[in-house]
Amino acid sequence: MSDHLEKNKPFINVTPLIDVLLVLLIIFMVAAPAKPHKFNAKLPSPPDGRVYPPSDLTLVVGIEPDRTLRLNGLTDMGSLDDPSKLTTRLVSLFSERLKNRAYRSDMLMRTDLPDQIRVEKTVFIKAPRSISYGDVARLIDSVKGTGADPIGLQLDELKQ
C-alpha cells in the first residue's frame, strides 16, 4: 500500500510561477524610471515689506544679554535663574483675560468650548543667540507652567 501512495505523490510545477514573477520584475524595472523624480513644494511668497503691528494680546518674553527678562514693555520681570516675577505676572494676565473674555481670534465663535480654552494665551520667547538652549528650554517650561499655549520662539532680527 505504501508503494501506491508514493506513485501518486503530488508534484507542483513552479516553472510557470517563476516565469510570471520574472515578467512582473521586468515590467516594474521598465516602469520605475518613468516615475517623476522631482518633488514640487509650495513655498511661501517672499515678504512684501509691510510691517504689521502686533496685536494688543501679543505677549513677548524677551531675554536680555545680561539674562534678565522682560515682558513686552515691562522690565524687571526677574531673570533666567529666577523667573518667578514673570510667571506670577503671566498667571495674573491670563486670569484677567479669562475674566474679560479676551478670546483668541480663531476661538471667538467656538461657544462649545470652555472659556479657559478660548482665552488668548499665546506667548513668544525672544532670546539672543548668546543664551544657551538649555536656559531657553527652562524658561519655556516655566512659561508653560503658567498655562501659556502655544509658545513660540522669535528670531533675533524681528522687532518687538
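Residues numbered from 1 in each chain as written. Predicted model: local features only at pLDDT ≥ 70, side-chain atom pairs only at ≥ 80, totals over all residues. Heavy atoms only, no water.

Colleague: I would appreciate a short explanation of the sheet that holds strand β1 (residues 59-63) in the present structure.
Modeller: Two pairing modes exist for strands in a sheet, parallel and antiparallel, and in both the strands are linked by backbone hydrogen bonds. Pairing is mixed in the open sheet, where 4 strands are placed in the order β2-β1-β3-β4. Looking at strand neighbours, the two that pair on one side only are β2 (69-71) and β4 (151-154), the edges of this open sheet. Each strand axis lies, on average, 25° off the axis of its neighbour in the sheet, ignoring direction. Here β1 runs beside strand β3 (residues 123-126); their pairing, made up of 4 bridges, is parallel. Bridge pairing in β3 links Val61 to Ile125. Across the sheet, helix α5 (residues 133-144) is in contact with β1, β2, β3 and β4; its angle to β4 comes to roughly 145°. (Pairing = 2+ DSSP bridges. Helix = DSSP H or I, 4+ residues; strand = E, 2+ residues; numbered from the N terminus. Axes fitted to C-alpha atoms, helices over the stretch in contact; angles between N-to-C directions. Contact = heavy atoms within 4.5 Å.)

Colleague: Before we go on, may I ask you to explain the pattern of salt bridges in this structure?
Modeller: Under the criterion given, the structure shown has 10 salt bridges. Residues Asp115 and Arg101 are paired through a salt bridge, measuring 3.6 Å at the closest nitrogen-oxygen approach. With Asp115 in helix α4 (residues 115-118) and Arg101 in the loop between α3 (84-100) and α4, this residue pair connects regions lying 14 residues apart in the sequence. Look at Arg101 and you get exposed, because its relative accessible area is 53%. Each of Arg67, Asp81, Asp135 and Arg138 takes part in salt bridges that share partners, so that together they form one network. (Salt bridge = Lys/Arg side-chain N within 4 Å of Asp/Glu carboxyl O. Buried < 20%, exposed > 50% of the residue type's maximum accessible area, 1.4 Å probe, protein only.)

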